[in-house]
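A look at the structure
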2 protein chains.
Amino acid sequence: MDEQKKMVEEITSMEEDFAKWYTDIVKKADLADYSSVKGCMVIRPYGYAIWENIQRLLDARFKATGHENVYMPMFIPESLLQKEKDHVKGFAPEVAWVTHGGSEPLQERLCVRPTSETLFCEHYAATVHSHRDLPKLYNQWCSVVRWEKTTRPFLRTREFLWQEGHTAHATAQEAVEETERMLGVYADFCEQDLCMPVVKGKKTESDKFAGAVSTYAVEAMMHDGKALQAGTSHYFGDGFAKAFNIQYTDKNNKLTYVHQTSWGVSTRLIGAVIMSHGDNNGLVLPPAIAPIQIAILPIAQHKPGVLEKARELKERLGKSFRVKLDDSDNSPGWKFAEYEMKGVPLRLEIGPKDIEKDQCVLVRRDTREKTFAPLSELEAAAEKLLAELGASIYKAAKENMSKRTYACQTMDEITAALDKNGDGFVKAMWCGSEECEDTVKERTGVGSRCMPLGQESAGGACVCCGKAAAHLVYWGKAY
Amino acid sequence: MDEQKKMVEEITSMEEDFAKWYTDIVKKADLADYSSVKGCMVIRPYGYAIWENIQRLLDARFKATGHENVYMPMFIPESLLQKEKDHVKGFAPEVAWVTHGGSEPLQERLCVRPTSETLFCEHYAATVHSHRDLPKLYNQWCSVVRWEKTTRPFLRTREFLWQEGHTAHATAQEAVEETERMLGVYADFCEQDLCMPVVKGKKTESDKFAGAVSTYAVEAMMHDGKALQAGTSHYFGDGFAKAFNIQYTDKNNKLTYVHQTSWGVSTRLIGAVIMSHGDNNGLVLPPAIAPIQIAILPIAQHKPGVLEKARELKERLGKSFRVKLDDSDNSPGWKFAEYEMKGVPLRLEIGPKDIEKDQCVLVRRDTREKTFAPLSELEAAAEKLLAELGASIYKAAKENMSKRTYACQTMDEITAALDKNGDGFVKAMWCGSEECEDTVKERTGVGSRCMPLGQESAGGACVCCGKAAAHLVYWGKAY
């Protein structure tokens, strides 16, 4: 048990230092590491396996909604980036510039893509001619680069992995529907597969994507009450189409601009999972994305029959679950701590006494609750416990969000709520002026996160200026 | 039928202009497109779907041989690239350099990875301590950049998609075994899934990867008799380990350098497939990687019951195959030409007469041979035809390779064989000197491709200098 103690002590508790707890998990659960490339990360096998599961599940959802994958160049010529003026203003300050190929200076410098609207637009301008070519429903899995000053693994890095959907439609209505559909896909994925409740909402003008008519986001709440933007979906209208001249002939033979969208989620979802479900023993992974769903740990593995039985169970469970058998000579205590650190949803213990009784022990990662399962009903028992764990961690995250959501009507109420209960979502009305938005942030520390969809606002007065307010806003501190 | 004629006429025949035939297929089969990013390509949905199938099949082979995926940064600081002297000499002249982040010049410039040995070595130096940490069997799917002067879609582009395996082992023997194992994985994949015969061989000294002790390759032969290097596998010895100080304590507590390998294949495999199997009607795709394995084309689709039956077959076949139903209002002739162009292995025609007889027509892409298949046995018939097509195109490619492999004993014989039969593999002995290697290339136009593994050489005299020769070499012109 000494080794277990030692491992557990190595993580800072989240109550003591939340930021340190987070980076401890990233490091100790072997998710990511640093390198000599400042601000970028090495995603290690265990971290990358989580990303592969996220990719697989999302990709299936994208394909089920009619999208196809493509690959665009990683470079964007400066002149192409400049075509849409809001877009270049938003991104140019934070891109990496390639100026030389081999020993030759380039005639025109290229940025490493921070996002690929401009490349997709150029391609659409070349390939969309008739209404028969629409809609174009493309997605790309790739890495992008934004030259951030302050970085944290998964949450904000100079290079990150993501997917970016880019679509072109015949009408504004279809494009708006697509924007909302993909926001819904993200919300469903977060809730069902990541067990992470989210608020769906619209961003205020000041917080829109560079070049968008409107930006929607799914916002999640972390253990510490801070908000994390888990995914965004943008409606572009025909602004990019006009800048890039993407036109089609409609059924009446009239030249018409397309309407576009884009939407993306990134490896920051892994950060969101850590801070939604992790505890002081390490990571807690939702079963849908756990690289190992069941860790089989033989007890007294030198005794006759134990390893054989453990291998037999691995073989058997491997047909329905992602399973790892750890038959290394590390102590059971070390192994318990190791798979808790790695957030493996279920631990299966099998020893001589269990074998005698034709049973094994299943231990849930979140509650550490033990269940004795007859071997004859093992698959059903594991399936049930995994589902229960998923529902439990979702419920806990939802309760955290409810507990930390404060309805406020005045600036003083905001300050008082945050002082008393700590960081969280502040729900308060807003008149729509950028001045009030800035003032709320300056005086209370919380910025606008989003205007939630489908939540009735009672009307009322702006929390800042007191004038009539049309918008209910979730305010919060953000990652 | 006018439309079909028109489409077919749009491809240059391979006899007329092989290079033009190739780029015509790339463009007309919707595989890739150009953009304003010089030397890079846009991989379109159909081309990318081929790549996804290649990825899926190879990734399963890598995982079955114990490898794990990771992700390293896309940038390499100049000082890190310089650590292994042969390596930097080989790659520095062709990398893209990032010199600015946002508006600030960087303190040290970064290259966009041309390959990631240096990053993996740095990571191994940080994470390998004991013999228990070995072997490290990592792989990465990503894009890399090499600043080529002349480019052609899939074959040679400034940016391309690939996988790079990087492994570290306790002993030289294990590393050599890994190098050979992965060469074997590539050869099996090429032969079984791409239906493309390959020669496995070792590269000569002058043709080795920068920093390798030895480089192995699988070489395929294209329709035009030129060689295409389809994949490479490198053994590094402990050269990189010494440059990066990657040491572990062995079982006797002695500090020891690891032995390393790397191996990779890229999107150039798509080019290889085009030039191995394509014909003057377009692409011919091996069933294992075809995005659409069966195209269902309803005949006289306005007649009652035809579309219903076509949809029913799509539903049914979709359970076992990748299927597309084309119920657009394009003419059957246009559709025939379209799916031939796209290399879809099987075309299924179903019309009123077929429905009456409870049958449909299956047409093989390669031979255009028609089979009437009773609907009750459709899956079995399709399965059989797909397997036969795979075997046939493999056999045809193998015959092309045999026919175009010329055993030569003198320089004059080489010239005569190439003059008479066109480009191909020249099999000839070599003494091992770089001078003779260069002379053969200068005087006959064919360079050394590889020293084939497992092929007995009769001994004999160097084709160039006449001295005793130990090495049998395949010579050829290469893509």
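Everything here concerns the structure above.
The structure presented is a predicted model; accordingly, all values stated were derived computationally and were not measured.

Some words on the relation of the copies chain A and chain B
- Relative to chain B, chain A is turned by 180° and slid 0.0 Å along the rotation axis, the superposed coordinates differing by an RMSD of 0.0 Å. Here the two chains are linked by the operation of a two-fold rotation axis. Measuring from the rotation axis to each C-alpha of chain A, the shortest distance belongs to Val98 of chain A, at 2.1 Å.
- Interface residue correspondence from chain A to chain B reaches 98%, placing this contact among same-surface, isologous pairings.

Describing the pattern of salt bridges
- Counted under the stated rule, the structure contains 62 salt bridges over all chains.
- Between Lys20 of chain B and Asp24 of chain B there is a salt bridge; the shortest N-O distance is 3.3 Å. Taken together, the residues Lys20 of chain B and Asp24 of chain B, both in helix α2 (residues 18–28) and four residues apart, mark about one turn of the helix.
- Lys20 of chain B sits in the partly exposed class, given a relative accessible area of 39%.
- Classification of Asp24 of chain B as buried rests on a relative accessible area of 9%.
- A salt bridge links Glu340 of chain B to Arg368 of chain B, with the nearest nitrogen and oxygen atoms 2.6 Å apart. Separated by 28 residues along the polypeptide, Glu340 of chain B in helix α11 (residues 332–341) and Arg368 of chain B in the loop between β18 (359–364) and β19 (370–374) bring together distant segments of the chain.
- By relative accessible area, Glu340 of chain B is classed as buried at 6%.
- A network of salt bridges, in which partner residues are shared, links Asp30, Arg44, Glu338 and Lys342 of chain A.

Considerations on the pairing of strand β17 (residues 346–350) of chain B
All names here are of chain B.
- For β17, a buried count of five out of five residues is recorded, marking the element as mostly surrounded by other parts of the structure.
- A two-sided burial pattern is seen for β17, the buried positions comprising Leu346, Leu348 and Ile350 on one face and Arg347 and Glu349 on the other.
- Of the strand pairs in this sheet, strand β15 (residues 294–298) and β17 are connected by five bridges, and their pairing is parallel. The residue of β17 that forms the bridge with Leu297 is Glu349.
- Strand direction decides the pairing type here: β17 and β18, joined by four bridges, are antiparallel. Considered in β18, the bridge of Arg347 is made with Val363.

What to know about the interface of chain A and chain B
- Counting residues at the interface gives 54 residues for chain A, matched by 55 residues for chain B.
- Carbon and sulfur atoms supply 59% of the area buried between chain A and chain B, which totals about 4300 Å² over both sides.
- Summed over the shared surface of chain A and chain B, the number is four salt bridges.
- Two elements, strand β5 (residues 96–101) of chain A and strand β5 (residues 96–101) of chain B, share five bridges in a ladder whose sense is antiparallel. Each bridged residue has a counterpart across the sheet, and for Val98 of chain A the counterpart in β5 of chain B is Val98 of chain B.

Focus: the sheet that holds β19 of chain B
All names here are of chain B.
- Taking strand neighbours across the sheet as the criterion, the five strands line up as β16-β15-β17-β18-β19 in an open arrangement whose pairing is mixed. The open sheet has two edge strands with one neighbour each: β16 (323–325) and β19. The average undirected angle you get between the axes of adjacent strands in this sheet is 25°.
- As paired strands, β15 and β16 are joined by three bridges and run parallel to one another.

With respect to the sheet that holds strand β3 (residues 68–69) of chain B
All names here are of chain B.
- Pairing within the open sheet is mixed, and its eleven strands lie in the order β3-β7-β8-β14-β11-β10-β9-β22-β23-β21-β20. Edge strands, defined here as strands with exactly one partner in the open sheet, are β3 and β20 (405–407).
- One ladder, built from eight bridges, connects strand β8 (residues 159–169) with strand β14 (residues 259–266); its direction is antiparallel. In the sheet register, Thr167 faces β14, and the bridge partner there is Thr261.
- Sitting on the sheet, helix α6 (residues 117–127) touches β7 (136–145), β8, β11 (227–237) and β14, and the angle it makes with β7 is about 150°.
- Together, β21 (425–430), β22 (447–452) and β23 (471–476) form the strand contacts of helix α15 (residues 434–444), whose direction differs from that of β21 by roughly 150°.

Re the packing of aromatic side chains
- Applying the stated criterion to the full structure yields 30 aromatic pairs over all chains.
- A ring pair is formed by Tyr124 of chain A and Tyr138 of chain A, whose centres lie 5.5 Å apart and whose planes are at 45°; its orientation type is tilted. In this pair, Tyr124 of chain A sits in helix α6 (residues 117–127) while Tyr138 of chain A sits in strand β7 (residues 136–145), placing the two residues 14 residues apart along the sequence.
- Where Phe209 of chain A meets Phe236 of chain A, the ring centres are 5.9 Å apart and the plane angle is 40°; that geometry is what we call tilted. Taken together, the residues Phe209 of chain A in the loop between β9 (198–202) and β10 (214–221) and Phe236 of chain A in strand β11 (residues 227–237) connect sequence positions 27 residues apart.
- In this structure Phe236 of chain A comes out as buried when scored by relative accessible area, which is 3%.
- Among the aromatic residues, those joined into a ring-pair cluster are Trp51, Phe62, Trp141, Tyr186 and Trp263 of chain A.
- Sitting over the ring of Tyr46 of chain B, Lys342 of chain B keeps its end group 5.0 Å from the ring centre.
- Positioned over the ring face of Phe336 of chain B is Arg347 of chain B, at 3.9 Å from the centre of the ring.

Quick word on unusual backbone geometry
- Look at the link from Leu134 of chain A to Pro135 of chain A: it is a cis peptide, with omega at -5°.
- One can find Pro135 of chain A in the loop between α6 and β7.
- Unusually for a residue other than glycine, Asn253 of chain B sits at a positive phi of about 70°.
- The topology assignment puts Asn253 of chain B in the loop between β12 (247–249) and β13 (255–257).

Some thoughts on a negative patch on the surface
All names here are of chain A.
- Residues Glu434, Glu435, Asp438 and Glu442 make up a contiguous surface patch of negative charge.
- As for its placement among the helices and strands, Glu435 is situated in helix α15 (residues 434–444).
- The exposed category is assigned to Glu435, whose relative accessible area is 64%.

Describing the environment of Arg347 of chain A
Residues and elements named next belong to chain A.
- Relative to the elements of secondary structure, Arg347 occurs in strand β17 (residues 346–350).
- For Arg347, a relative accessible area of 13% gives the class buried.
- The spacing of Arg347 and Arg364 is 17 residues in sequence and 6.6 Å in space, taken between C-alpha atoms.
- Leave out the neighbours within four places in its chain, and Arg347 touches Ala295, Leu297, Phe336, Glu340, Val361, Leu362 and Val363.

Quick look at the nonpolar core
- Ranked by size, the top nonpolar core spans 210 residues in total, and within it Phe75, Val112 and Ile274 of chain A together with Phe75 and Val112 of chain B carry the most contacts.
- In this structure, Val112 of chain B is in contact with Met74, Phe75 and Val98 of chain A together with Met74, Phe75, Ala96, Val98 and Val145 of chain B, ignoring residues within four places of it in sequence.

Thoughts on the side chain of Arg158 of chain B
Residue and element names in this part refer to chain B.
- Structurally, Arg158 can be placed in the loop between β7 and β8.
- It turns out Arg158 is buried and unbridged, and the closest side chain with the opposite charge, Glu148, is 7.7 Å from it.
- Polar side-chain contacts of Arg158 include one of 2.9 Å to the backbone oxygen of Glu148.
- In contact with Arg158, not counting residues within four places along its chain, are Lys38, Gly39, Cys40, Val144, Val145, Arg146, Trp147, Glu148 and Thr151.

A word on helix α11 (residues 332–341) of chain A
- Of all ten residues making up α11 of chain A, eight are buried, and the element is well covered by its neighbours.
- Once α11 of chain A finishes, Gly343 of chain A follows within two positions and takes phi at roughly 70°, a positive value.

Observations concerning the state of the cysteines
- Applying the stated criterion across every chain yields a total of zero disulfides over all chains.
- Cys121 of chain B carries a free sulfur, and the closest cysteine sulfur to it, the one in Cys111 of chain B, is 14 Å from it.

Calculation rules
- Residues numbered from 1 in each chain as written.
- Chains lettered and ligands numbered in written order.
- Predicted model: local features only at pLDDT ≥ 70, side-chain atom pairs only at ≥ 80, totals over all residues.
- Heavy atoms only, no water.
- Least-squares fit on C-alpha atoms with pLDDT ≥ 70 in both.
- Contact = heavy atoms within 4.5 Å.
- Salt bridge = Lys/Arg side-chain N within 4 Å of Asp/Glu carboxyl O.
- Helix = DSSP H or I, 4+ residues; strand = E, 2+ residues; numbered from the N terminus.
- Buried < 20%, exposed > 50% of the residue type's maximum accessible area, 1.4 Å probe, protein only.
- Pairing = 2+ DSSP bridges.
- Buried area = accessible area lost by both parts, 1.4 Å probe.
- Axes fitted to C-alpha atoms, helices over the stretch in contact; angles between N-to-C directions.
- Phe/Tyr/Trp six-rings, centres within 6.5 Å; stacked < 30°, edge-to-face > 60°.
- Lys NZ or Arg CZ within 6 Å of the ring centre and 35° of its normal.
- Patch = residues over 30% accessible without salt bridge, like charges linked within 9 Å, V, L, I, M, F, W, Y side chains within 5 Å.
- Areas by Shrake-Rupley, 256 points an atom, 1.4 Å probe, with all protein chains shown as cover.
- Lys, Arg positive; Asp, Glu negative; His and termini not counted.
- Charge placed at Lys NZ, Arg CZ, Asp CG, Glu CD.
- Core = buried A, V, L, I, M, F, W, Y, C linked by side-chain atoms within 4.5 Å.
- Polar contact = N/O pair within 3.5 Å; in protein donor to acceptor, adjacent residues only side chain to side chain.
- Disulfide = S-S within 2.5 Å.

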